[in-house]
Amino acid sequence: MHRTLLTVGLLALGLTALGGCGDRMTVPEGFVELDAEHRGIYDQRAVSADGVVLAVRRIDVEGSADADFWARAVANRLTQARGYTLESSEPLARAGRRAPHGRLLRFTAPRDGAPHVYLVALYAQPSHVLLAEAGGPRDAFAPIEPQVRDALRSVR
Amino acid sequence: MRQGILCALTVLLAAMGGGCQMLFPQVNTRAEAWEGDDLSLGSAAGEGARAMRVPAAAGATEGGEPAADAAAQPAPDRKILYTAQLALVVNNVRTAIEQSSRVARTLGGYVEHMGNARVILRVPGPRFHQALLELEALGTVTDRRVDARDVTESYQDLELRARNARTALAKLEDLLAKAKTVEEALAVEREMTRVREEIERLETQLRSLGSRVDYATITVTLTPVPHASRAHRAALPFGWLDSLGLDTLMTFNPCH
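This one's a predicted model, so the numbers in the text were calculated from it and none came from an experiment.

**Some words on helix H5 (residues 152-178) of chain B**
Thinking step 1. Helix length check: H5 of chain B (27 residues) gives 39 Å between terminal C-alpha atoms against 39 Å at 1.5 Å per residue, within 8%.
Thinking step 2. For H5 of chain B, the full list of buried residues reads Ser154, Tyr155, Leu158, Arg161, Ala165, Ala168, Leu172 and Leu175 of chain B.

Structural data, given as structure tokens:
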């Protein structure tokens, strides 16, 4: 009886721990991960000293739409409703995976009068979408964009 | 001798187009026409001026002529003054203004005026057509007006008048050298002052006209997409799409 309870307890603890970890990316050098108080709606959030922000979150969805569907929905919303400019949309494979099943969108938009860059990586899963986002002032973003892209690919 | 100087002055002025009171009357008349902001030229209508208003939906002139023909390359020695007014509906006015400015700078032009919803661009004449195409791609064109005016004769007329005025000034200088009395010298100098002013005015007009020919003027008026249209096009039932964007990502609100 005690052994059964212990097994169930460990299993529950393990599942809780797995669920609690959420989805994460490998944060590049120069970024600091934020604690839960400043994480907001995201599972993981990090910021650089120059104001570039990285974040990951999981969105539960119905149906089984692929990454192209979600990429188009995101692009439509941001360009039509927010005035963002879509600069590129490209297939994306997570680090260590061969087949690309995600998409990386690159937007530009003014914020507080200054040009900004906004990247969204989408990975479609049967019941959810993994979203990895990065944004910041163009001047601060451009020099570290390769590292930021690597971080968006590192989501697991 | 005095009578000789005055006689020569009278003959010179008469040859330039009238007596002392009527020196360069045509030049003065035309100068008034050039000084306003309106690009319309008094004499342009008789010189092959073309003005077209192109409904966006039609994509062609009222006569069925392709709109792009207005920007067709003229003969090299012709002076063509291009102007255009574009009205665009865009998703984001501020972004579109920045993009319009970038188009002008990329093509070797510059921004002459930038307002909240209107930008006036100057682009090199030979890049006028390309600039129009790139600007039209920034949104939905609701109005498009293109004017191409041949101002060659006006330009040549101004050049001729300036040349004649300079010749007259040289002759007046000769007369001044021959003046024997103060009265004669003062009379000649008065005329020289008038002629110098005319030369200055003509040269200013020439520079202004030359600038307008070298750099076409494109006025872009921007209007945001109506909210109703946006809502209609973006009514997907996925609330999380609203949480995307820089504002959510870059705002550190503990209650968020």
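Following the structure, the description resumes.
**Remarks on the packing of helix H3 (residues 93-106) of chain B against helix H4 (residues 128-136) of chain B**
Residues and elements named next belong to chain B.
Thinking step 1. Running from N to C, H3 and H4 point in directions that differ by 160 degrees, and their axes come no closer than 10 Å. Put simply, H3 runs roughly antiparallel to H4. Seen from above, H3 lies across H4 with right-handed handedness. Of the residues in H4, those in contact with Ser100, Val103 and Ala104 of H3 are Ala131, Glu134 and Leu135.
Thinking step 2. Tallied by class, the residues present in the contact of H3 with H4 amount to four nonpolar, one polar and one charged.

**A look at the confidence of the model for chain B**
Detailed reading of the predicted model is not advised wherever pLDDT is low.
Residues and elements named next belong to chain B.
Thinking step 1. Summing up the model confidence of chain B, the mean pLDDT is 74 and the portion of residues at 70 or higher is 65%.
Thinking step 2. Here helix H2 (residues 25-35) stands out as the least confident element of chain B, with mean pLDDT 33; strand E4 (residues 118-124) is the most confident, with 94.
Thinking step 3. Within the model, the stretch residues 15-71 combines pLDDT values under 50 with 88 contacts to residues more than four positions away or in other chains.
Thinking step 4. Complex prediction metrics read pTM 0.44 and ipTM 0.84.

**Let's talk about the environment of Arg103 of chain A**
Residue and element names in this part refer to chain A.
Thinking step 1. Within the secondary structure, Arg103 sits in strand E5 (residues 102-111).
Thinking step 2. A residue is classified by how many C-beta atoms lie within 10 Å of it, and Arg103, with 23 of them, is buried.
Thinking step 3. In this structure, the C-alpha to C-alpha distance between Arg103 and Ala121, residues 18 residues apart in sequence, is 5.7 Å.
Thinking step 4. Those residues within four positions of Arg103 in sequence are excluded, and the remaining contacts are Ala67, Asp68, Ala71, Ser89, Glu90, Pro91, Leu92 and Leu122.

**Focus on the sheet that holds strand E3 (residues 53-60) of chain A**
Residue and element names in this part refer to chain A.
Thinking step 1. A sheet is described by the order of its strands in space; here seven strands give the open sequence E1-E2-E3-E7-E6-E5-E4, paired in antiparallel fashion. The sheet terminates laterally at strand E1 (31-33) and strand E4 (85-92), the two strands that pair on one side only. Between one strand and the next, the sheet's axes are offset by a mean angle of 20 degrees, whatever the strand orientation.
Thinking step 2. Looking at chain direction, E1 and strand E2 (residues 44-48) are connected through three bridges and run antiparallel. Bridge pairing in E2 links Phe31 to Ser48.

**Description of the interface of chain B and chain A**
Thinking step 1. Taken together, the contacts link 22 residues of chain B with 26 residues of chain A.
Thinking step 2. Elements supplying a minimum of two residues to the side of chain B that touches chain A: H3, helix H7 (227-233) and helix H8 (246-250) of chain B.
Thinking step 3. Taken together, the residues that form the side of chain B that touches chain A break down as eleven nonpolar, seven polar and four charged.

**Topic: helix H6 (residues 182-214) of chain B**
Every α-helix carries 3.6 residues per turn, so stepping three or four residues along brings you back to the same face.
Thinking step 1. Counted at 1.5 Å a residue, the expected span for H6 of chain B with its 33 residues is 48 Å, and the 47 Å between its end C-alpha atoms agrees.
Thinking step 2. Regarding H6 of chain B, the residues found buried are Glu184, Val188, Glu191, Val195, Glu198, Ile199, Arg201, Leu202, Gln205 and Arg212 of chain B.

Here is what the cut-offs are and how they apply
Residues numbered from 1 in each chain as written. Chains lettered and ligands numbered in written order. Predicted model: local features only at pLDDT ≥ 70, side-chain atom pairs only at ≥ 80, totals over all residues. Helix = DSSP H or I, 4+ residues; strand = E, 2+ residues; numbered from the N terminus. Expected span 1.5 Å × (residues − 1). Buried ≥ 20, exposed ≤ 12 C-beta atoms within 10 Å, placed from the backbone. Axes fitted to C-alpha atoms, helices over the stretch in contact; angles between N-to-C directions. Parallel < 35°, antiparallel > 145°, perpendicular 65-115°, else oblique. Left-handed = near helix turned anticlockwise from the far one by under 90°. Contact = placed C-beta atoms within 7 Å. Nonpolar A, V, L, I, M, F, W, Y, C, P; charged D, E, K, R; others polar. pLDDT = per-residue confidence, 0-100. Pairing = 2+ DSSP bridges.

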